[in-house]
Amino acid sequence: MPTHTFPPLVAGNWKMNGLIASLKEVEALKEKLADANPRCDVMLCPPFTLLSRMNKVLGDSGIGLGGQDCHWEPSGAHTGDIAAEMLADIGCTAVIVGHSERRTDHGETDEIVRKKAAAAHRAGLVSIICIGETIDERKAGKTLDVLSTQIAGSLPEGCNAANTVIAYEPVWAIGTGLTPTVEEVAEAHAHIRKELAAQVGGAEEAARVRIQYGGSVKPGNAKELMAVDNVDGALVGGASLTAEDFFGIISAAYL
Ligand code: 13P
């Protein structure tokens, strides 16, 4: 049985959504969580433009703050990019790397993702490393092979349960309202857990790494998905944008 050194992590990935006015949702979430004591950690990953203001709103609420991406260099001539050190400087404790939207929109390879995760660790941040198969890969029966390749390629040296979270996000489940069956989620997560052993120095450490499920997580399906073996939280897109839905997910699964 895994030793649960770390509670599950429910993180909200706001993607390219949110203006200053959206911080009212964070105020509302704070209020809902104030006396709730969920059995999970909660984090929000807004666009870069809101990090600083959101950090102030979050205050000592215990809700964590994360970035959605970082460059692998600590500084330099990289117009439009953000260093992991900058995220740490502004109050982030984590950063998402290798999201499928970045892999697709920006051509990020496993090697780039690995460099970004290493940068996160260098800056003292937790890396939330995203992996997942496309619908064509699933239909071709290649899901587990794809996950193995992504794990081998996207995790830098020095990964452990304290500095790394894996987010399993089937690309075809993101933003579509489709989700894998609980059997498919169980199969993927068990496989990821097994493959992690080689990356984190053994099965004992791998048992402690949090493996989130992501892709169309909603208040109505969160309980069932989060109850699957080896699922240690969620990476939530659309439903993290409102306090009602995000809290609905947290309360359905972890209250
Ligand atoms: P949705 O929850 O909107 O499907 O997005 C999932 C996701 O990509 C989180 O990173």
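Before reading on, note that the structure itself is shown above.
In what follows, the accompanying structure is described.

Parameters at a glance
Residues numbered from 1 in each chain as written. Predicted model: local features only at pLDDT ≥ 70, side-chain atom pairs only at ≥ 80, totals over all residues. Heavy atoms only, no water. Helix = DSSP H or I, 4+ residues; strand = E, 2+ residues; numbered from the N terminus. Expected span 1.5 Å × (residues − 1). Buried < 20%, exposed > 50% of the residue type's maximum accessible area, 1.4 Å probe, protein only. Contact = heavy atoms within 4.5 Å. Salt bridge = Lys/Arg side-chain N within 4 Å of Asp/Glu carboxyl O. Axes fitted to C-alpha atoms, helices over the stretch in contact; angles between N-to-C directions. Parallel < 35°, antiparallel > 145°, perpendicular 65-115°, else oblique. Left-handed = near helix turned anticlockwise from the far one by under 90°. 1 Å grid on protein atoms, 1.4 Å probe; cavity = no way out; pocket = protein on both sides within 12 Å on 5 of 7 lines; lining within 4 Å. Points joined across faces, edges and corners; volume = space filled by probe spheres on them. Near = heavy atom within 4 Å. Polar contact = N/O pair within 3.5 Å; in protein donor to acceptor, adjacent residues only side chain to side chain. Areas by Shrake-Rupley, 256 points an atom, 1.4 Å probe, with all protein chains shown as cover. Nonpolar A, V, L, I, M, F, W, Y, C, P; charged D, E, K, R; others polar. Pairing = 2+ DSSP bridges.

A word on helix H8 (residues 182–200)
Piece 1. Its 19 residues give H8 an end-to-end C-alpha distance of 26 Å, which sits within 8% of 27 Å, the value for a rise of 1.5 Å per residue.
Piece 2. By the burial criterion, the buried members of H8 are Val 185, Ala 188, His 189, His 191, Ile 192, Arg 193, Leu 196 and Val 200.
Piece 3. Next to the buried residues of H8 lie strand S5 (126–131), helix H7 (143–154), strand S6 (164–168), helix H9 (203–206), strand S7 (210–214) and helix H10 (219–226).
Piece 4. Where H8 ends, the next residue or the one after it, Gly 201, has phi of about 85°, a positive value.

Points about the pattern of salt bridges
Piece 1. Per the stated rule, a full pass over the model turns up 13 salt bridges.
Piece 2. Two residues, Asp 69 and Lys 116, come together in a salt bridge whose shortest N-O distance is 2.8 Å. Of the two residues, Asp 69 sits in the loop between strand S3 (64–67) and helix H3 (84–89) while Lys 116 sits in helix H5 (residues 110–122), which places them 47 residues apart along the sequence. In this structure, Asp 69 and Lys 116 share a single accessibility class: buried.
Piece 3. Here Glu 108 and Lys 116 are joined by a salt bridge, their closest N and O atoms 2.6 Å apart.
Piece 4. Assessed through its relative accessible area of 4%, Lys 116 is described here as buried.
Piece 5. Connected through shared salt-bridge partners, Asp 69, Arg 102, Glu 108 and Lys 116 make up one network.

A short note on the packing of H7 against H8
Piece 1. At a closest axis distance of 10 Å, the pairing of H7 and H8 adopts a crossing angle of 30°. One element, H7, and the other, H8, form an angle in the roughly parallel class. H8 is crossed by H7, and the crossing has right-handed handedness. Residues Leu 144, Leu 147, Ser 148, Ile 151 and Ala 152 of H7 form the contact with H8, whose participating residues are Glu 187, Ala 188, His 191, Ile 192, Glu 195, Leu 196 and Gln 199.

So, the layout of surface pockets
Piece 1. One number sums up the size of the largest pocket: a volume of about 420 Å³.
Piece 2. Along the wall of the largest pocket there are 18 residues; nearest its centre are Lys 15, Gln 68, Asp 69, Arg 102 and His 106.
Piece 3. Top element by residues in the lining of the largest pocket is helix H4 (residues 100–105). It accounts for 3 residues.

Description of the site of the ligand
Piece 1. In the vicinity of the ligand, 13 residues are found, and the nearest of them are Lys 15, His 99, Gly 175, Ser 216 and Gly 238.
Piece 2. In the environment of the ligand, an oxygen atom lies 2.8 Å from a nitrogen or oxygen atom belonging to the side chain of Lys 15.
Piece 3. Taking Ser 216, its main chain carries an N or O atom lying 2.8 Å from an oxygen atom of the ligand.
Piece 4. Burial of the ligand by the protein amounts to 96% of the accessible area it has alone, namely 300 Å².
Piece 5. Counted by class, the shell around the ligand contains 4 nonpolar, 7 polar and 2 charged residues.

Observations regarding helix H11 (residues 243–254)
Piece 1. Compared with an ideal rise of 1.5 Å per residue, which puts 12 residues at 16 Å, H11 spans 16 Å between its outermost C-alpha atoms and is within 8% of the ideal.
Piece 2. Of the surrounding elements, those touching the buried residues of H11 are strand S1 (9–13), helix H1 (23–34), strand S2 (41–45), H10 and strand S8 (233–236).

Things to note about the sheet that holds S2
Piece 1. Taken in spatial order, the 8 strands line up as S1-S2-S3-S4-S5-S6-S7-S8 and close into a barrel, and their pairing is parallel. Sheet twist, expressed as the mean angle between neighbouring strand axes with direction ignored, is 25°.
Piece 2. Judged from the 4 bridges that link them, strand S4 (residues 94–97) and S5 form a sheet pairing that is parallel. By the bridge assignment for S5, Ala 94 is matched with Val 126.
Piece 3. Its contacts with the sheet place helix H2 (residues 48–58) against S2 and S3, and it is angled at close to 170° to S3.

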